[in-house]
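A look at the structure
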Amino acid sequence: MPLTSGTRLGPYEIQSAIGAGGMGEVYRARDTRLDRTVAVKVLPSHLSSNIELKQRLDREAKAISGLQHPNICTLYDVGSQDGVNFLVMEFLEGQTLADRLKKGRLPLDQTLKIGIEIAEAIEKAHAQGITHRDLKPANIMLTKTGAKLMDFGLAKPEMTIAGKPVGAMTPSTPTMNLTALTSATSPLTQKGSIVGTFQYLAPEVLQGAEADPRSDIFGFGCVLYEMVTGRHAFEGKSQLSVLTAILEKEPEPIAATPPVPPMLDRVIRGCLAKDPAERLQSMHDVRMDLQWINESTGDSTVEQKSEFKKSWAAWGAVAVLALLALTAFAAYRWAKGTSTAQSLHAEIPPPDKFSLDVIGDTGGMPVLSPQGDKIAFVAHSGEGRSLWVRWLNSDKPQRLDGTQNAMHPFWSPDGQNLGFFANGKLNRIAAAGGPITTLADAANPRGGTWSADDVIVFSPNFMGPLSRVSAQGGAVSAATVMDPKKHTTHRWPWFLPDGKHFLFLANSHTGGDPKQNGIYFGSVNSQESRLVLATDSAAQFASGYLLYRAGSALVAQPFDPDKGKILGPYTPLVGNLRDDVGVWRSIFSTSQNGVMTYEEGSASAAKSRLTWLDRSGKELGTYDVRETTIAHVRLSPDGKRVAFITGSPASSVWTLDLERKTKTRVTFDQLPVSEPSWSADGKTLVFILATAQGGDNVEIHSKAADGSGNEKNLTALGNNFHYPQLTPDGKYLTYIWGEGGTNISLWMAPVAGDSKPVVVIRPPSLQSNINGYRVSPDGRWVAYVSDETGQNEVYITSFPDAKGKWKVSANGGAYPAWSANGRELFINDLTDNIDAVALTPKGAEMEVDTPKRLFHAAMPGIGTSFDVSPDGQRFLVNLAEGETAAPLKIISNWLAELK
C-alpha cells in the first residue's frame, strides 16, 4: 500500500509520491531534523520478502555511499521501520533526460555538456570498482546545477561481502523470458528477464557475459546517440527485434542528422562497438575525447585537414622530397609569422620482411631527428631486432650493424648520432653507422634524451629515478630524486631547448595519486623537480608546444620551456593515437621544424591473445579471453588452468579453465592487484594488492582459486613486495623486496608462526637488484633474475640455503619457468625469443647446458607473458595481436593544423 502524506519513517515525513517502479516507490519527504527536502526510496513491506529486491536496495546503498561526486545523486541515510526498508537521497528538482528527449534531439552544446558530466560520474564509479549496469536517459536527472546520475540499484560493486562477490548476487543475464521479449514494450528488469533496461544493454551482456565497465560504455554510447539524434540507437517493433538489432545491426549513421562533428560520431561509434575489445576501453578516455570536442567546436580546421595519404611503395622518394620541401618552406614561413602552407600526410612501411617493434618493454618507438630529415626505429625479423635509420629523401632504410637487441632510440641535438639501449647498456652510434660506444649500465631502461651540452639524461631501470652521464662517457650520477611514497618510476625524459631543463613522466606501478602523477619539470643543475601537468602520458616539446596524449587524442598545448609553465588550453591534432599502456608512452615523435610521425590505434595496448605454441613456435590453439590487455600469465601446476591479470584502473585476478574454456573472476578489490601465482595443489592463488594510492603500500594476499571465500593478508605491514610465491610444501612464502626500492632481494617467511622473514639471496651490490625468480617444482632450487652485471641475467642456486651459483642465460634473460621434472628451464632472452636450457642436478651441484633457441613470439611486454606446460612441450603465450598492423604516419607542418 502506498504511503500517505504525513507518514513518518524515522525523522522523515512523507509529503507526496514522486514515482513508482519495480523497486517500489519514491516519495518527496521532509527531514524534520535538518528541515530540508529529501527523496525517499521505499521497498514496501509486501516486497521485503523478495530477496532479490532487498539485495538490490542494499547494493544501491553500498554503491552510492562510496561515491561522492557533484554529478551523482547523494545518499543521505538508510533505514528500516515496520518492515519497510528505505533509502534517503538528495531531492533533485528538474526533469529526467528521458522526459527531455520526448521533445526531440538536444543541441550540440547541451549534448556535450551533459555527456561530459555523466561521463565524469561514470568514471568516478568505475574508479571505485562499481559498474552501474543500467545507464539510460530515465536514470539521468537534468537540474539547474547540472546532470545527475541516479539509480545504482543494479550497480555491481567489485568487492566481497560475507565471502561472496557482490556482483554475483544478481547475474547479468538470468534465464530469458521469451514471452516478455516478444510482447513487452517496457524495459525488462523483473525476475526472469534480463537485468537492466533492454534498450541500452551491451551485446555481451545479452549473450550471457558478466557486465563490466565496457558494458557501461556501450550504454553511455546509446544515451549519447539518443541525445544527438533524438531516436534510439537500436529500435524495433518488439523486444526481440531490438535484441536482434543490438546483436547484429549498426545504428543508422549519425551523419544523416545535422550538424555533428565527425569526431563525436567516431566517439559514439567507439562506444557502440559490438566487441567489447574493440570498444573505447575506459570512461576516462571517453570523457577526455568529449572535452576536447567541446573545446574544439567552432574550429573547422580540426576536421578539415589537407589529407594526401599514399604509401611510400606507391610514390617513394618523390613524395618524400615534396614533403621535405613543403616542410622546409612551412618552417620558414612559420618563423616569419606568415605560414599559409597546407600539411601533407604520408605513410611509412617497415623494411621489407621486417616488422616494426613499436610497443612493449623492449620496443623501439620510431623517433624523428630534430632536423626532421631522418627517422630511427627498431624492427625485427624472425631472429632478432636491430636499429634502423631512414633518410626521408630516400626510399631505402639502413640497418645499423652491431645494434642487435636495440630498444628506445633517441637523437643527438645535431641529428648526427643516436643513443639507444641494448643488452643492459646505454650506447651511442653515428646515424650513418660505425663503432658503438657504451656509456652506462641500463638493465631495464625507459628512455633517454640528449642535450646540446652533451649530457644524456636516461632511465636505467623500469623502477627508480633518472640518471645522467656525459655523451662522451664517464661517471653516472643521479638526475632526479624520487619520493617512493608518491612514485615508483621516472621515465621518458625530454630535453628542452636551453639544454638545462627537461621534462619526464613520474608515475606509480600501484596506481598512485592521479593529482601527483604526470609530466614533471627537472633541471641538470638540481635534482629537484615540480609537476607541470597531471596526466598518465609522457610528453615532448616542439615549436612552442607541449605534445602529449589526452584521452585517445594527441594534443598540443602552448608551453613556456624556460619557466616550465602551460600558457593556454590544448588543441587536438590526432583523434586516435596508439597508446602503449604497459610503459606509459604514446606512439608519436616530433622534430623541431614541424614534422611529426605517429601511429593510429585505440587508447589501449594491443589485444591479448592466449595461444598454445609447440617448441618450434607453431600455433596449436588460441583462447579468446575477451580482454583488451592481460598480464602476468601463470599456468596451474597441472597445466589445466591459467591465472592472469586484467582490468583498469582497478585490476583483478581471473582464471581460465583451458579445457572447458570458462573464466572465473577471483578478486574484487577496488585497488590494483598483480602478479598471481599458484599453490602446489592448485587450490590457492597468492598475489599482491595495492593497499593505498601510493608507491610503496603493497600487501601479499591469498584467495581460493575458485573465487570462493575471503582474501587473506599474508603480510603484517604493507610494503613494496613483488612476485609472491608459496613454496611447493606450502610452508613458506617467498617474495622480492628492497627498502626504498633499492637492493631488491629474495626473502622467505613462514606462513604459520611468528618467525621473522629471512633473506635468501641478496645482490652483490647496493646498485643491483633481484628482478624475478621461480622456485623449482621440487623446492630444491631457485632460478632468479639479477642485474648485477648491468643487464638482467638468469642464475640458479640451491634453495633455501643459496649454495652455489650457475649462470643460465647467455646474453640477457628474464621470466624463468621450470618444467615439472626440473630438468629444463625456459627463459625469455629479453628480445622475445624463448630459449630452453637443459639442467642436470648432481647432488649439491647443477650442470647447466648451453641455451637453445626455440622460437620468437611478439609478446606485449607487460609482466610474465608466457608459461610452460608440465611436460615442457607446449607454451601458453600472451601474444600481442595486431602489433604491427597500423602503418606509421608522417605529417609535414603539423603547426598549420593548429589553425
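1. Here we look at the overall build of the protein
For the protein, the helix and strand inventory stands at 10 helices and 66 strands. Counting the 899 residues in the protein, one finds 58% classified as buried. Taking the contacts inside the protein whose residues are at least 6 apart along the sequence as the reference set, 51% of them involve residues at least 24 apart. Accessible area of the protein: about 34900 Å², with a carbon and sulfur share of 51%.

2. Quick look at the side chain of Asn417
You can see Asn417 is positioned in strand β21 (residues 417-422). Given the relative accessible area of 16%, Asn417 is considered buried. Once residues within four sequence positions are removed from consideration, Asn417 is found in contact with Phe410, Trp411, Ser412, Arg428, Ile429, Ala430, Ala431 and Trp450.

3. Description of helix α7 (residues 239-248)
Those residues of α7 that sit buried are Gln239, Val242, Leu243, Ala245 and Ile246. Down the axis of α7, the sector holding all buried residues measures 160°, keeping them to one side.

4. Overview of the side chain of Ser651
Residue position: Ser651 is located in the loop between β44 (641-646) and β45 (652-657). Only 2.7 Å separates the side chain of Ser651 from the backbone oxygen of Val673, close enough to count as a polar contact. Here Ser651 is in contact with Ile645, Thr646, Leu671, Pro672 and Val673, once residues within four sequence places are set aside.

5. Here's the deal with the pattern of salt bridges
Enumeration according to the criterion identifies 27 salt bridges in this entry. In this structure, Glu90 engages Lys148 in a salt bridge whose closest nitrogen and oxygen atoms are separated by 3.2 Å. Here Glu90, found in strand β6 (residues 84-90), pairs with Lys148, found in strand β10 (residues 146-149); they are 58 residues apart in sequence, far enough to count as distant. Accessibility expressed as a relative area gives 7% for Lys148, which makes it buried. Through salt bridges with shared partners, a single ionic network connects Asp31, Arg33 and Arg36.

6. Some remarks on the environment of His632
The topology assignment puts His632 in strand β43 (residues 630-635). Placed 233 residues apart in sequence, His632 and Ser865 show a C-alpha to C-alpha distance of 6.2 Å.

7. Concerning the pairing of strand β28 (residues 489-495)
Among the 7 residues of β28, 6 are classified as buried, and the element is accordingly described as predominantly covered. The pairing of β28 with strand β29 (residues 501-507) spans 5 bridges and is antiparallel. Looking across to β29, one finds that Arg491 is bridged to Leu505. Turn length for the β28-β29 hairpin, with the two strands adjacent in sequence and antiparallel, is 5 residues, and the turn residue Gly499 shows positive phi of about 75°.

8. With respect to the sheet that holds β29
Spatially, the 4 strands line up as an open sheet ordered β28-β29-β30-β31, and their pairing is antiparallel. The strands lining the two open edges of the sheet, one partner per strand, are β28 and β31 (526-534). Strand-to-strand twist across the sheet, computed as the mean angle between neighbouring axes with direction ignored, equals 30°. Pairing of β29 with strand β30 (residues 518-523) involves 6 bridges; the strand directions are antiparallel. Bridged to Leu505 within β30 is Ile519.

9. A closer look at helix α8 (residues 262-271)
Judged by how many residues are buried, α8 sits mostly within the fold: 7 of 10 residues are covered. Buried residues of α8: Met263, Leu264, Asp265, Val267, Ile268, Gly270 and Cys271, and no others.

10. Overview of the packing of helix α3 (residues 108-127) against helix α6 (residues 213-229)
Where α3 contacts α6, the axes come no closer than 11 Å and their chain directions differ by 170°. Taken together, the axes of α3 and α6 are roughly antiparallel relative to one another. Residue-level contacts link Thr111, Ile114, Gly115, Ile118, Ala119, Ile122 and His126 of α3 to Pro213, Asp216, Phe220, Leu224, Met227 and Val228 of α6. Classifying every residue of the contact of α3 with α6 by side-chain character gives 9 nonpolar, 3 polar and 1 charged.

11. Focus on the packing of α6 against α8
Two numbers describe how α6 lies on α8: the axes approach to 7 Å, and their chain directions differ by 140°. Considering the relative orientation of α6 and α8, their crossing is left-handed. Contacts between α6 and α8 involve Ile217, Phe218, Gly221, Leu224, Tyr225 and Val228 from the former and Leu264, Ile268 and Cys271 from the latter. In the contact of α6 with α8, the residues fall into 8 nonpolar, 1 polar and no charged.

12. Some points on the sheet that holds strand β51 (residues 722-726)
As summarised here, the arrangement of the 4 strands in space is β51-β52-β53-β54, forming an open sheet in which the pairing is antiparallel. Bordering the open sheet on either side are β51 and β54 (758-761), each of which pairs with just one other strand. Along the sheet, successive strands turn relative to each other by an average axial angle of 30°, direction set aside. Pairing of strand β52 (residues 732-737) with strand β53 (residues 745-750), which is carried by 6 bridges, proceeds in the antiparallel orientation. Residue pairing for β53: Tyr735 is matched across the bridge by Trp747.

13. Here's the deal with the confidence of the model for the protein
Across the protein, the average pLDDT comes to 81, with 80% of residues at or above 70. At the level of individual helices and strands, the protein shows its lowest average pLDDT in strand β12 (residues 160-161), which scores 28, and its highest in strand β25 (residues 455-458), which scores 98. Counting contacts from residues 157-196, a segment whose pLDDT is below 50, to residues more than four positions away or on other chains yields 100 contacts. Contacts from residues 298-322, a stretch scored under 50 in pLDDT, to residues over four places away or in other chains number 45 contacts.

14. Topic: the pairing of strand β49 (residues 698-704)
Across the 7 residues of β49, 6 count as buried, placing the element largely inside the fold. Pairing geometry for strand β48 (residues 684-690) and β49, over 7 bridges, is antiparallel. Of the residues in β49, the one forming a bridge with Leu689 is Glu699. The sheet contact formed by β49 and strand β50 (residues 712-713) spans 2 bridges and is antiparallel. Across the sheet, residue His701 finds its bridge partner in β50, namely Asn713.

15. Details of the packing of aromatic side chains
Counted by the stated rule, this structure contains 17 aromatic pairs. Taken together, a centroid distance of 6.0 Å and an interplanar angle of 40° make the contact between Phe502 and Phe504 tilted. Judged by relative accessible area, Phe504 falls into the buried class, the value being 2%. Note on Tyr545 and Trp894: the rings are 6.1 Å apart at their centroids and 75° apart in plane angle, and the pair reads as edge-to-face. Placement of Tyr545 in strand β33 (residues 545-550) and of Trp894 in the segment after β66 (888-892) is noted, with a sequence separation of 349 residues between them.

16. What about the nonpolar core?
As a rule of thumb, nonpolar side chains are buried together in soluble globular proteins. One finds Phe220, Val286, Leu290 and Tyr548 to be the most contacted residues of the largest nonpolar core, which totals 68 residues. Tallying contributions element by element places α6 first for this core, with 9 residues. With 30 residues, the next largest nonpolar core counts Met365, Phe377, Leu418 and Leu888 among its residues.

17. Some points on the environment of Phe866
Structurally, the position occupied by Phe866 is in strand β64 (residues 866-868). Taking relative accessible area as the criterion, Phe866 reaches 2% and is therefore assigned buried. Every residue in contact with Phe866, bar those within four places of it in the chain, is listed here: Val633, Tyr815, Ala817, Phe826, Ile827, Asn828, Ile834, Met859, Phe875, Leu876 and Val877.

Thresholds applied
- Residues numbered from 1 in each chain as written.
- Predicted model: local features only at pLDDT ≥ 70, side-chain atom pairs only at ≥ 80, totals over all residues.
- Heavy atoms only, no water.
- Helix = DSSP H or I, 4+ residues; strand = E, 2+ residues; numbered from the N terminus.
- Buried < 20%, exposed > 50% of the residue type's maximum accessible area, 1.4 Å probe, protein only.
- Contact = heavy atoms within 4.5 Å.
- Areas by Shrake-Rupley, 256 points an atom, 1.4 Å probe, with all protein chains shown as cover.
- Arc of directions from axis to C-beta.
- Polar contact = N/O pair within 3.5 Å; in protein donor to acceptor, adjacent residues only side chain to side chain.
- Salt bridge = Lys/Arg side-chain N within 4 Å of Asp/Glu carboxyl O.
- Pairing = 2+ DSSP bridges.
- Axes fitted to C-alpha atoms, helices over the stretch in contact; angles between N-to-C directions.
- Parallel < 35°, antiparallel > 145°, perpendicular 65-115°, else oblique.
- Nonpolar A, V, L, I, M, F, W, Y, C, P; charged D, E, K, R; others polar.
- Left-handed = near helix turned anticlockwise from the far one by under 90°.
- pLDDT = per-residue confidence, 0-100.
- Phe/Tyr/Trp six-rings, centres within 6.5 Å; stacked < 30°, edge-to-face > 60°.
- Core = buried A, V, L, I, M, F, W, Y, C linked by side-chain atoms within 4.5 Å.

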